[in-house]
Each structure stands twice: as C-alpha cells, then as structure tokens.
Amino acid sequence: MQRRNVLKGLGLTATAAITNTAAFAQGAGSAAGTSPSPWPSPQLATGSRLGHCRIGNGSTVCVVLHEWLGDHVNWEPVLPYLDPARCTIVFVDLRGYGWSRGVSGSYTLDEAAADVLRTADELAITRFHLVGHSMSGLVAQKIALQAGSRLQTVTLFSPVPPTGFRADEAAMKALNAVIDEDEAAGRAITARTSSRYGAGWLRRKLAIARQASTVEAKRGYLTMFTSSAISGETHGLAAPVHVVTGALDIPFYRGEPLRDAFALAYPRVTFETIDDAGHYSMLETPVRVASIIEKQLAG
C-alpha cells in the first residue's frame, strides 16, 4: 500500500484518469497542424555546441532549457509575449532532443551542464540569466554551481529539487513505461495537470513528448535525474534563484518538501505559485510565464 501511495504521488498509477484514451493515443504520432515554424533560423547541433535558436536582439541574454517529455516546442506558446527589443532569449536543446537530436552521449548531469556552458562560450555569451524546467531545473542548478559568476538569475519552473528525484524499483518501472507506452505517458501527463484537460490537450502534449527526443536520450536523462543530486557549496551561489511551481501539479513538484529542499540549499531563493497551472506552465499559462521571465530579467 505504501509503494502504491508513492507511485500515486508521482502520478504514475492508473488512478490518474485519462479522457478518451483511444482518441488521444491515435493522434499522438502526428504533428498538430502545419502552420509555419515560429523559430527564426534555428541552428542544429555541431560537434562543439548544442542545437539552439536565438529570439530577439536585446542586450540582456537568457538561456532557456527544457524538460524530459518535451524540447523547445514546449516554449512556443510563450514566444509572442516576450519583448525581442529588450532581451535575447536562447532556447537550447540538450543532447538527443530537438535541434540536438542527432547528438548522443552519456546523458549525465555533468555532461549536460558542460554542454550548455560550452554552447554559451561558442555563442560568446559571458553573463546570462538561466531558465530550467523540471528535469533541466537540476541541470540549471549544476550550471549555477559550476559557473555562478556568469549567472545573473536562475529561474526554475516545476524543477527537480537539489535533493534529486529518488525513485525505487517500482517507480523506475513506471517511469520507463512512460517512454514506451502512450497510456502510461497519458497517465503521467494527466496527473501533472490535475486531470483538468481533455483529449485535445493530451494529443498535443503526447505528440510533443514523442517527437521531442530519441528513446535513448529519454532513458539516459531518466537515469540522470533519478540518480543525481546537487551537492557542494550551494550557499556560495550569488545569483538569486526563483522557483515557480504549479498549484495543479503533483505534490512532488509543489509541496513543502520541495520548498524546504531549496530553502536549505540556496541563500537567495524565492518562490512563486501559478494557481491555474500544473507541471507545464509554459503550455498552460504562457502569458504568465513570459511575464515571470521578463520580471527576472529586469530585476
């Protein structure tokens, strides 16, 4: 019973209801619409840097990372609400994802952090703001510890806490099922949005998840964020950390243990809750997310 309660808390059991499973699973493999890409001149990964796309030409620079079940596409709804004259936003895809899909690796926390910093070097970005989401929230924290003097702010949406995402054998089995089975992925997505949305939402989010990356990358980063934690002199981090959670997310990503973990680790941490969002706030409440990012950049 205790194990089932743990899985339920992580949104990995069948108790997370799915609306019209057959309908969303049937449409998950196809792209949603054929409208022109909102990404101007994206750059595919090379041997020395990750795939990325610059938005805007302002003097303030922000590097944005993605989650486990999505690449840069998760951020598309936010783009119309950013001010390209005031800031430059660089959206980056980790190895095996999106514009970096052709690049394999070991998918470790150290590798991911080094990849992002090397990409910033290649793009001549010396000082920047950093945004992470879920899995990449852990990557962003690692970057902050390794190159804290380069960071102006760190903004984390629904992040894995510094203590990591600890998963026992049953939880790992359920998480691996998310990679292989549409129904399992649908349960996880639905739980992370409090079962609020219908089949259209699930079709779209599952399509993003399936098209975002290689299976190898998903498995590699799953091992990364379930076996890694942030250690070291976290209290020496000078850059302020802002943690944004969704009130409709699963408890792991919004509860007191998460807040306590961040408060203990970082001396300059603040918290904000989006009442009308779950785990995917950039898809659910894009105007709010854009305003949060721009406020951090202005600060």
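Preceding block: the structure.
What you see is a predicted model; the values in this text were computed from it and never measured.

**Q** Explanation requested: helix H11 (residues 286-298) in the structure shown.
**A** Because an α-helix packs 3.6 residues into every turn, residues spaced three or four apart end up facing the same way. Taking 1.5 Å of rise per residue, 13 residues should cover 18 Å, and H11 covers 18 Å from first to last C-alpha, within 8% of that figure. For H11, every residue scored as buried is listed here: Pro286, Val289, Ala290, Ile292, Ile293, Glu294, Gln296 and Leu297.

**Q** Quick question: what am I supposed to make of the side chain of Glu294 here?
**A** Structurally, the position occupied by Glu294 is in helix H11. The residues contacting Glu294, other than those within four sequence positions of it, are Tyr81, Leu82, Asp83 and Cys87.

**Q** I would appreciate a short explanation of the sheet that holds strand E6 (residues 241-246) in the present structure.
**A** Two pairing modes exist for strands in a sheet, parallel and antiparallel, and in both the strands are linked by backbone hydrogen bonds. On the basis of which strands lie adjacent, the open sheet formed by seven strands has the order E1-E3-E2-E4-E5-E6-E7 and mixed pairing. The open sheet has two edge strands, strand E1 (52-55) and strand E7 (269-274), and neither has a second partner. Direction aside, the axes of adjacent strands within the sheet are offset by 20° on average. With six bridges connecting them, E6 and E7 associate as parallel partners. Bridge pairing in E7 places Thr245 opposite Thr273. Against the sheet, helix H9 (residues 256-265) engages strand E5 (151-157), E6 and E7, with an angle of about 155° to E7.

**Q** I tried to follow the packing of helix H5 (residues 169-180) against helix H8 (residues 215-227) on my own but got confused; where do I start?
**A** Relative placement of two packed helices is described by the angle separating their axes and the distance separating the axes. Where H5 meets H8, the closest approach of the two axes is 10 Å, and the angle between their N-to-C directions is 155°. On the basis of the axis angle, H5 is roughly antiparallel to H8. In this structure, the crossing between H5 and H8 has a hand that is right-handed. Note on element contacts: H8 touches H5 through Val215, Lys218, Arg219, Leu222 and Thr226, opposite Met172, Leu175, Asn176, Ile179 and Asp180.

**Q** Looking at this structure, how should I read the pairing of strand E4 (residues 128-133)?
**A** Along any regular strand, the residues point their side chains to alternate faces of the sheet. Buried residues dominate E4, accounting for six of its six residues. Here E4 shows no split at all, with Phe128, Leu130 and Gly132 on one side and His129, Val131 and His133 on the other all buried. Sheet topology places strand E2 (residues 60-64) next to E4; three bridges connect them, and they run parallel. Counterpart to Val64 in the pairing with E4 is Val131. Note that E4 and E5 share five bridges and pair parallel.

**Q** Would you explain the pattern of salt bridges in this entry?
**A** If charged atoms from side chains of opposite charge come close, those side chains can pair. As enumerated under the stated definition, the model contains 11 salt bridges in all. Residues Arg95 and Asp115 are paired through a salt bridge, measuring 2.5 Å at the closest nitrogen-oxygen approach. Remark: Asp115 occurs in helix H3 (residues 109-122) and Arg95 occurs in the loop between strand E3 (87-92) and H3; sequence separation between them is 20 residues. Overall, the relative accessible area of 4% leaves Asp115 in the buried class. Among the ionic pairs, Lys142 bridges to Asp110, the shortest N-O distance being 3.4 Å. Pair noted here: Lys142 is in helix H4 (residues 135-146) and Asp110 is in helix H3, with a separation of 32 residues, a long-range link. The network of salt bridges with shared partners includes Arg95, Glu111, Asp115 and Arg118.

**Q** Could you clarify how one ought to interpret the packing of aromatic side chains in this entry?
**A** The description of two aromatic rings rests on the distance between their centres and on the angle between their planes. Scanning all chains against the criterion turns up 14 aromatic pairs. Ring centres of Phe165 and Phe252 lie 4.6 Å apart, and the angle between their planes is 55°; this geometry places the pair in the tilted category. Of the two residues, Phe165 sits in the loop between E5 and H5 while Phe252 sits in the loop between E6 and H9, which places them 87 residues apart along the sequence. Between Tyr197 and Trp201, the ring centres sit 5.3 Å apart and the planes meet at 65°, which makes this aromatic pair edge-to-face. The structure contains a cluster of three or more aromatic residues connected by ring pairs, namely Trp39, Trp75, Phe91, Trp99 and Phe157.

**Q** Mind showing me how you'd approach the packing of H4 against H8 here?
**A** Relative to each other, H4 and H8 sit at 65°, their axes nearing to 10 Å. As for how H4 packs across H8, the hand of that crossing is left-handed. Between H4, through Met135, Leu138 and Val139, and H8, the contact on the second element is made entirely by Tyr221, Met224 and Phe225.

**Q** What is the right way to read unusual backbone geometry from this model?
**A** Excluding glycine, residues mostly carry a negative phi; peptide bonds, for their part, are mostly trans. Of note, the phi angle at Tyr107 is positive, near 60°, even though the residue is not glycine. A relative accessible area of 4% places Tyr107 in the buried class. For Ser195, which is not glycine, the phi dihedral falls at a positive 55°. Checked against the element boundaries, Ser195 lands in the loop between helix H6 (182-191) and helix H7 (199-212).

Conventions we followed
- As a convention, each chain's residues are numbered from 1 in the sequence order in which they are written.
- Local features in a predicted model are, by the rule used here, given only for residues with pLDDT of at least 70; side-chain atom pairs are given and counted only at 80 or more, and totals for whole chains, interfaces and linings are based on all residues.
- To obtain the side-chain values, all non-hydrogen atoms of the structure were included, while hydrogens and water were left out.
- For helices the rule is a DSSP run of H or I covering at least 4 residues; for strands it is a run of E covering at least 2, with both sets numbered from the N terminus onward.
- Expected helix span is taken as 1.5 Å per residue step, with the number of steps being one fewer than the number of residues.
- For every residue, the accessible area (1.4 Å probe, protein chains only) is compared with the maximum for its type, and the residue is labelled buried under 20%, exposed over 50%, or partly exposed between those bounds.
- Every residue pair with non-hydrogen atoms within 4.5 Å of one another is taken to be in contact.
- Here, any two strands with at least 2 DSSP bridges between them count as paired.
- Axis angles are defined between N-to-C directions and span 0 to 180 degrees, where every axis is a line fitted to C-alpha atoms and, for a helix, only to the segment in contact.
- Angular relationships are summarised with four words: roughly parallel below 35 degrees, roughly antiparallel beyond 145, roughly perpendicular across 65 to 115, and oblique for the angles in between.
- Each crossing is labelled by how the near helix is turned from the far one, with a counterclockwise turn of less than a right angle marking it left-handed and a clockwise turn marking it right-handed.
- In the sections that follow, a salt bridge refers to a side-chain nitrogen of Lys or Arg positioned within 4 Å of a carboxyl oxygen of Asp or Glu.
- By convention, a stacked pair of Phe, Tyr or Trp rings (six-membered ring in the case of Trp) has centres within 6.5 Å and planes under 30 degrees apart, an edge-to-face pair has planes over 60 apart, and any other such pair is tilted.

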